[in-house]
Amino acid sequence: MSRKPPVLPILFGVLAMVAVIVASFKFLSTFDDKMAFKSPVRTKASVEAPAETPRAQALRESAEATAAKELEKPYEEAEYRTVPRIGSRVAIWIVAQLHLLFAAFVLAVPIFALIIEFIGYRTKDERYDKLAYEFTKLLSASFAFTASLGAGLTFMLIILYPKFTNYLMSVFSPTFLPYVLLFFAEAGFLYSYYYGWGKFSPRVHLFLGLMLNVVGTALMFIANAWLTFMSTPAGIAESGAVISTWEAITNYTWMPINIHRIIANVAFGGSIAAAYAAFQFLQAKTDEERAHYDWMGYMGNFVAICGLLPLPFAGYWLASEIYAFSQTMGLTMMGGAFSWLFIIQAILIGNLFLFANWYLWLGMGRIKGAERYRSFIWPMLVVITICFAIWATPRSILSTTEEIQAMGGSSHPMLGYLGVMSAKNTAVNILILTTFLSFVLYRRSGKIPTVSWAKQANFVQFLIFAGAATTVIGYGIAGYFVDAKTRIGFSVPQVGSVLAALVLVTLIDVFLLRKAETAETNWGKIRPISQYLLIMLAVTFTWLMGLMGYVRAGLRQHWHVFGVIRDTSVDAYTPTLGFATQVVSFTVLVFFALIGFIFYLTGLTNRKKYQELKGTAPESSTAPDLSAAPGLSAAPGLSAGPGATAMSASGGLSTGASGYNTASNEPPSTLKT
Amino acid sequence: MNWWVLIAFVAVMLVLRWRRVGILTWVAAWWLGMFLVLNYVFVVPVPVSVIKIYMGIISLSLFAFVLTDSRRMSEFWQPIQAFVVEPRYRPLLVLVALAIPALVAFRIYADMTATPQAPFFARTVHPAPPDSITVHDSELALGTADNPYRELETSNPEEFKERLELGRAIYYENCFYCHGDLMAGAGMYAHALNPIPTNFQDPGTIAMLREAFLFWRISKGAPGMPEEGGPWQSAMPAWENFLTEEEMWNVILFLYDFTGHQPRAVEMH
């Protein structure tokens, strides 16, 4: 039995509260009124006095004089403007880094999307086409973010560094119009590639993808000319006057940066796409979804590793060009203030190699027949650990005074030998070789060769690996006993033997595994920790890009254009390493918050329509069943309903009664490697 | 190296392997063993910063070793789970639960009562040189300059030998007191200096540098060193106050000849 609520006391309480509030306001306003200044009561004579007091007159005259002075003020071009609290440099730094990260992603995804689409077209395997589309879906929102950040960066440069920006524009004036036109072309190709999926003939679509890549790469090459000119200027007089724009473009580090960025973008893009797949895998509700995103993550990681393996060589070329341009800059980078950041870089790259291998080893768990390679894992882990430790060993060690005294200097008498170039080159080459071996074993896990010469081929592959490792270690040891020039030259046979091993072993594998018996791969049956590894790989790649980007730009120190245009702003100093890493970390966090939002937006295309969720969808609006491949059901152009034109497994055009995915004759959970 | 520590570590690991201990014990033994090896095998102690890097890498690798194999992982967690859950371990669990805050308290006490030390200093051994220097009124562009007498090595070996002899005389009259008669940084005054003078025999020193870099370091000494090189941590005099340019180039020729190293060449685009 419920009691009636006491209405009267409640009403009384409310009224009392209102009364208290009103009374409080009244009291406060009265108090305020009493305290306020009031003009004294004037006599009649004083009221008739002139309205303007001497003080007011003086104030008016002063204001008029100031206004007149303002009008006569000559025009002066501002050299710098500042951003409150954080300063101009940090503001530009964050925006430029974010723009670059998005741009790298937008340039990278079309490269491997096109390659995967092409593989699907050649092999007539529909899964690749679906995968390429899944990757491309990430582009649409990312492109808008890239453009917005690019516009923000441009405005900030003009506002914060007007004089210097004006100078850069004068040097590179012929490049800006082509850049804008290329940007329009990029937008056109990107959106026609994305929205035209399944709408054009496969060849036309592939051509669109190719043009998207060509235009994107051209855009990057132009932008690279601007930034590399700042570090290694060319084509100008000592005063900064332009002599040759072409020489300014093709400066010392332009081509090394172009190559380095193409490779790094692929590695970075692959890792971000893999992180997206991991993100979706961890949220997946069905085995089918898990299988699809597991495969997507694997492919993204494969792309990332393919980019990671040659990356140290490209980085080495870039560093040697910086050294060749300016010994001062080279020493600042590798031996001076910035060298400590390379220790962090070594740790991050070591992590990348370890995580990439770890992911492959975990992946072996879903392949039947992988057990025979399990015993290889721990020796590879030992090799990776040793190489990682050698690579992370500093030559000059961060030490206390007592430690320096004990060592007799900044380098350890024994471990110091691991800090020099011979040891580092050897370690990184062996790391690359081991990672490649992991990948070869992974590929072999699900396959049994049927050719008669399989044993001999295995032996030859073993010899190639052993030969490459011996060459690398042999030259590494010899490097301690020769002069610097010869030692630098040793890196060529070291790198050459590793690259040769990569190519030869892959070639043999291609023929060896042709018509091999293929075991079942249980896509989706992988431990969740593997997905966290994919996310960690993406975070590490991003952090590394931020850090190395800072090193490349920061090497200019107090110069806008090294040796030519001096930075005279309040920020003309090199920040402490700790501060720099904090800014990089903050930027990475912001990037992942934004890319997480893009993942969310892209994931929306997989969701059912609102009416369907509520069960109120009108019959006519129900899309055909396109759920065979998660992520494609609501794709633009693929849900036109029964009879829609779609790209078939044969790579051509076909009309199917139920849309895109009905041609799939095997569930994704049993995808073959 | 303290070989006995290394041998003891290997022996313990072999015994553990022979006894087929559980994965948790195996991993813990590796971790602890590597920590002891890094701390006690080297006669010259390894700086804490390097030990931290190495132990981080080792921890990560051991983690990967355990988590790569699901059987290994369950074998690793099983004793930990049993320790936390099973009643027979309860007294020990209580002890551990008490020991953790006690260790934290001890660490705080140790930190608070530690002898104050100078902070870590990231001294750069080969700091970046300026673009150019002025020695005895003549300017030298360090990026492109080379030893003016280096080409005599091939064009006029006799004169080159004479210059080596002149360099030898300069070295033994001025440099050897600190850098030593074998150029290993162990001269008679070396032990009074902190840090000790550079060891030219080490392939990580002059073998990695151009001759112009050495000329800069010799002529300007510690006072001309940039901040990152810790000018206050070097007793090297500015030899431009005592030697001529020619004498300094000659002694540089001798340094490379005596140690057998070759100077780094000027790299051209």
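Quick caveat, the model's predicted, so the values are computed rather than measured.

Draft legend 1. Spotlight on the environment of Ile430(A). All names here are of chain A. Along the chain, the position of Ile430 falls in helix H18 (residues 421–445). Under the relative-accessibility criterion, Ile430 is labelled buried at 11%. Once the C-alpha coordinates of Ile430 and Thr470 are considered, the two residues, 40 residues apart in sequence, prove to be 9.8 Å apart. In this structure, Ile430 is in contact with Val383, Cys387, Ala469, Val472 and Ile473, ignoring residues within four places of it in sequence.

Draft legend 2. Structural detail: the domain arrangement of chain B. Taken as a whole, chain B is organised into domain 1 (3–113) and domain 2 (132–259). One C-alpha centre belongs to domain 1 of chain B, the other to domain 2 of chain B, and the line joining them spans 48 Å.

Draft legend 3. View of the packing of H18(A) against helix H20 (residues 484–512) of chain A. Residue and element names in this part refer to chain A. At a minimum axis distance of 10 Å, the contact between H18 and H20 shows a crossing angle of 5°. Between H18 and H20, the angle falls in the class roughly parallel. Here Met421, Ser422, Asn425, Thr426, Asn429, Ile432, Leu433, Phe436, Val440, Arg443 and Arg444 of H18 come into contact with H20, specifically with Arg487, Ile488, Ser491, Gln494, Val495, Val498, Ala501, Leu502, Val505, Thr506, Asp509 and Leu512. Grouping the amino acids of the contact of H18 with H20 by side-chain chemistry returns 12 nonpolar, 7 polar and 4 charged.

Draft legend 4. Seen up close, the packing of helix H8 (residues 211–220) of chain B against helix H9 (residues 245–259) of chain B. Residue and element names in this part refer to chain B. Between H8 and H9, the shortest axis-to-axis distance is 10 Å and the interhelical angle comes to 125°. The angle between H8 and H9 falls in the class oblique. Regarding H8 and H9, the two cross each other, and that crossing is right-handed. Judged by residue contacts, Glu211, Ala212, Leu214, Phe215, Ile218 and Ser219 of H8 engage Glu245, Met248, Trp249, Val251, Ile252, Leu253, Leu255 and Tyr256 from H9. Class assignment for the residues of the contact of H8 with H9 results in 11 nonpolar, 1 polar and 2 charged.

Draft legend 5. Seen up close, the environment of Lys455(A). Residue and element names in this part refer to chain A. Within the fold, Lys455 resides in helix H19 (residues 454–478). Given a relative accessible area of 71%, Lys455 falls into the exposed group. Put simply, Lys455 and Ile249 are 206 residues apart on the chain and 53 Å apart in space, counted from C-alpha to C-alpha.

Draft legend 6. Geometry of H19(A). Residue and element names in this part refer to chain A. Compared with an ideal rise of 1.5 Å per residue, which puts 25 residues at 36 Å, H19 spans 36 Å between its outermost C-alpha atoms and is within 8% of the ideal. By the burial criterion, the buried members of H19 are Ala454, Ala457, Gln461, Ile464, Phe465, Ala468, Val472 and Gly476. As for H19, its buried residues are in contact with H18 and H20.

Draft legend 7. Structural context of the side chain of Asn251(A). If you trace the backbone, Asn251(A) turns up in the loop between helix H10 (245–249) and helix H11 (254–283). In contact with Asn251(A), not counting residues within four places along its chain, are Ala225(A), Thr228(A), Phe229(A), Thr232(A) and Ala234(A).

Draft legend 8. Spatial organisation of the interface of chain B and chain A. The partner chain A presents 62 residues to the 56 residues of chain B that form the contact. Buried area between chain B and chain A, both sides added, is near 5200 Å², and the carbon and sulfur share of it is 64%. Where chain B touches chain A, the interface holds 0 salt bridges. Inspection of the region where chain B meets chain A yields 5 residue pairs in polar contact (both at pLDDT 80 or more). Listing elements by their share of the side of chain B that touches chain A, those giving two or more residues are helix H3 (48–67) and helix H4 (70–85) of chain B.

The rules behind the values
Residues numbered from 1 in each chain as written. Chains lettered and ligands numbered in written order. Predicted model: local features only at pLDDT ≥ 70, side-chain atom pairs only at ≥ 80, totals over all residues. Heavy atoms only, no water. Helix = DSSP H or I, 4+ residues; strand = E, 2+ residues; numbered from the N terminus. Buried < 20%, exposed > 50% of the residue type's maximum accessible area, 1.4 Å probe, protein only. Contact = heavy atoms within 4.5 Å. Domains from an automatic or database assignment. Axes fitted to C-alpha atoms, helices over the stretch in contact; angles between N-to-C directions. Parallel < 35°, antiparallel > 145°, perpendicular 65-115°, else oblique. Nonpolar A, V, L, I, M, F, W, Y, C, P; charged D, E, K, R; others polar. Left-handed = near helix turned anticlockwise from the far one by under 90°. Expected span 1.5 Å × (residues − 1). Buried area = accessible area lost by both parts, 1.4 Å probe. Salt bridge = Lys/Arg side-chain N within 4 Å of Asp/Glu carboxyl O. Polar contact = N/O pair within 3.5 Å; in protein donor to acceptor, adjacent residues only side chain to side chain.

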